[in-house]
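Residues per chain are reported as follows:
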Amino acid sequence: MNSSLPTVGIIMGSKSDWETMKHAADMLDELSIPFEAHALSAHRNPVQVHEFASTAKDRGIKVIIAAAGMAAALPGVVAAITPLPVLGVPVETRVMGGIDSLLSMVQMPGGIPVGTLAIGKAGAKNAALMSAAIIALSDDELAARLETFRQTQNDTVAELPV
């Protein structure tokens, strides 16, 4: 994790979700975006979730990535508390493979948006990249790093044989 003040908050419903969310953390590290990460359950730690969400903006957080499985309430609860963008990452579950989490996140009532990404690793990585794109709107240095990342991705795609 970068030593600067965090600009992205990663929260997850339980410590077991770190296996998925480590991919978001790794991508933020690759782009030199400072972040903080916490395991906070909307159901088991509601007071701490409220404290995190209500103070995030004042602490310098610009985007929150919230991951959860099963009922997947965490992103919606956080989005109801903070004015910051909240990106939801559905965690794969044993019951429905994460479809239950995905449906919980995308069915938010009008007025409480959660930008929901793919289930699992791809969603975690893309949540970090979406966070980067949001922050890069007002950070030219990050915008340049993000452009370099995208160009590198482009350059690594193999050309088809002629």
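Just so you know, these numbers come straight off a predicted model, no measurement behind them.

Analysis parameters
- Residues numbered from 1 in each chain as written.
- Predicted model: local features only at pLDDT ≥ 70, side-chain atom pairs only at ≥ 80, totals over all residues.
- Heavy atoms only, no water.
- Pairing = 2+ DSSP bridges.
- Helix = DSSP H or I, 4+ residues; strand = E, 2+ residues; numbered from the N terminus.
- Buried < 20%, exposed > 50% of the residue type's maximum accessible area, 1.4 Å probe, protein only.
- Contact = heavy atoms within 4.5 Å.
- Right-handed = clockwise from strand over helix to strand, strands pointing away.
- Core = buried A, V, L, I, M, F, W, Y, C linked by side-chain atoms within 4.5 Å.
- Axes fitted to C-alpha atoms, helices over the stretch in contact; angles between N-to-C directions.
- Parallel < 35°, antiparallel > 145°, perpendicular 65-115°, else oblique.
- Left-handed = near helix turned anticlockwise from the far one by under 90°.

## Examining the sheet that holds strand β2 (residues 35-39)
1) Next: In space, the 5 strands of this open sheet follow the order β2-β1-β3-β4-β5, with parallel pairing throughout. With one partner strand each, in any of the chains shown, β2 and β5 (115-116) form the two edges of the open sheet.

## A word on helix α3 (residues 74-81)
1) Next: All buried positions along α3 are accounted for by Leu74, Pro75, Gly76, Val78 and Ala79.
2) Next: On its buried side, α3 packs onto β1 (8-12), α2 (46-55), β3 (63-68), β4 (86-90) and α4 (99-106).

## Remarks on the pairing of β3
1) Next: For β3, the buried fraction is high: 6 of the 6 residues fall into the buried class.
2) Next: The pairing of β1 with β3 spans 5 bridges and is parallel. The residue of β3 that forms the bridge with isoleucine 11 is alanine 66.
3) Next: Relative to β4, β3 runs parallel, the two sharing 5 bridges. Of the residues in β4, the one forming a bridge with alanine 67 is valine 89.
4) Next: Remark: the β3/α3/β4 crossover connection has right-handed handedness.

## Thoughts on the environment of alanine 158
1) Next: For alanine 158, the position within the fold is in the segment after α6 (140-155).
2) Next: Each C-alpha atom, one on alanine 158 and one on glutamate 19, is 30 Å from the other, the two residues being 139 residues apart in sequence.

## Focus on the pairing of β1
1) Next: Extensive coverage of β1 is indicated by the burial of 5 of its 5 residues.
2) Next: Across the two faces of β1 the burial is the same, with Val8, Ile10 and Met12 and Gly9 and Ile11 all buried.
3) Next: Where β1 and β2 come together, 5 bridges link them in parallel fashion. When the sheet's bridge partners are listed, isoleucine 10 is paired in β2 with alanine 37.
4) Next: In this fold, β1 hands off to helix α1 (residues 18-30), which returns the chain to β2; that crossover is right-handed.

## Quick word on the nonpolar core
1) Next: Membership of the largest hydrophobic core comes to 28 residues, with the highest contact counts inside it found for Val8, Ile10, Met21, Leu31, Ile33 and Ile65.
2) Next: Among the elements that take part in this core, helix α5 (residues 121-136) stands out by supplying 7 residues, more than any other.
3) Next: Aside from chain neighbours lying at most four places away, what touches isoleucine 65 is Val8, Gly9, Ile10, Ile11, Met21, Ala24, Leu87, Val89, Ala127, Ala128 and Ser131.
4) Next: Listed in part, the 19 residues of the second largest apolar core include Leu40, Ile61, Ala68 and Leu74.

## Details of the packing of α5 against α6
1) Next: Running from N to C, α5 and α6 point in directions that differ by 140 degrees, and their axes come no closer than 8 Å. What the angle tells us is that α5 and α6 run oblique. Every pair of crossing elements has a handedness; the one defined by α5 and α6 is left-handed. Across the interface between the two elements, Leu129, Ala132, Ala133, Ile135 and Ala136 from α5 touch Leu142, Ala143, Leu146, Phe149 and Arg150 from α6.

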